[in-house]
Each structure stands twice: as C-alpha cells, then as structure tokens.
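# Observations on the model geometry
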Amino acid sequence: MYYVYLLRSINFPQQTYRGYTEDLKTRLKAHNEGRSKHTAKYAPWELVCYHAFADEQKARQFEYYLKTGSGKAFANKRFL
C-alpha cells in the first residue's frame, strides 16, 4: 500500500506536514527522530490522518493536491 499522511506538530500545533510513504510507522518515527530536514525543527509530530492507496500514482497525485492551496484548504477544513 501507498500512504498519504497528515502530521501536526505537538509543540507548534499550527505547523502541519503532508507526505507520502510506503511504510507509515517507519516514516512517522523518522519525522519524530529529526531525520527529515523539513520537519526536524517542529518535532515531535502526531499523526492526524492517513489515506491508503493501492495505486502509487493516485497516492502521489493526492499528496501533490494536498500541498496545493486548494488542497491545504480542504485538509484544514476536513482533517484538522
């Protein structure tokens, strides 16, 4: 499976991150251990939601959408 996920910083709740992975548990652990330069500054993170896809291309397209202006607005309204 391919996962698109949404994280929220525990210490800085206004900070969120949207990402894609094939191994959700390992990826969340990496974010919380500071192994991602984009999220290390705001660790620790909590998982807000994730969406599982059987098709990798659809997962990557959904991740891309969530990083657009309208995708951010959608996620903020529906998931945060």
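Just so you know, the residues in each chain are numbered from 1, in the order the chain's sequence is written. Local features in this predicted model are restricted to residues whose pLDDT is 70 or higher, and side-chain atom pairs enter the listing and the counts only when it is 80 or higher, whereas totals over whole chains, interfaces and linings include all residues. Think of the side-chain values as coming from all heavy atoms in the structure, minus any hydrogens and water.

### Observations concerning the overall build of the protein
Numbered from the N terminus, helices here are DSSP runs of H or I no shorter than four residues, and strands are runs of E no shorter than two. If you tally the helices and strands in the protein, you get 3 helices and 3 strands. Reading the helices (α) and strands (β) of the protein from amino to carboxyl end gives β-β-α-β-α-α. Both definitions apply: the radius of gyration is a C-alpha atom measure, and the globule rule equals 2.2 Å times residues to the power 0.38. For a compact globule of 80 residues, the expected C-alpha radius of gyration is about 12 Å, and the protein comes in at 12 Å, within 12% of that figure. Taken over the C-alpha atoms alone, the protein extends approximately 30 × 25 × 20 Å along its principal axes. Evaluated residue by residue, the protein yields a buried proportion of 34% over its 80 residues. Counting contacts in the protein only where the partners sit at least 6 residues apart, residues at least 24 apart contribute 57% of the total. Counting rule applied: Lys, Arg positive; Asp, Glu negative; His and chain ends not counted. We put the charge of a Lys on NZ, of an Arg on CZ, of an Asp on CG and of a Glu on CD. Across the protein, the 14 positively charged side chains and the 7 negatively charged ones have centroids separated by 9 Å. Type-normalised accessible area, obtained with a 1.4 Å probe on protein chains alone, sets the label of each residue: buried when under 20%, exposed when over 50%, and partly exposed for intermediate values. Note on definitions: a residue-residue contact is assigned when non-hydrogen atoms from the two residues lie within 4.5 Å.

### With respect to the environment of histidine 38
Tracing the sequence through the fold places histidine 38 in the loop between helix H1 (24–32) and strand S3 (45–53). For the pair formed by histidine 38 and tyrosine 17, sequence separation is 21 residues and the distance between their alpha carbons is 8.7 Å.

### Re the sheet that holds strand S1 (residues 2–9)
Any two strands between which DSSP finds at least two bridges are classified as paired. Strand order in this open sheet of 3 strands is S2-S1-S3, and the pairing throughout is antiparallel. Looking at strand neighbours, the two that pair on one side only are strand S2 (16–21) and S3, the edges of this open sheet. Within this sheet the neighbouring strands show an average axis-to-axis angle of 20 degrees, counted without direction. In this structure, S1 lies alongside S3, joined through 8 bridges in antiparallel fashion. Residue pairing across strands places tyrosine 2 opposite phenylalanine 53, the latter belonging to S3. Here, axes are lines fitted to C-alpha atoms. For helices the fit covers the stretch in contact, and angles between N-to-C directions go from 0 to 180 degrees.

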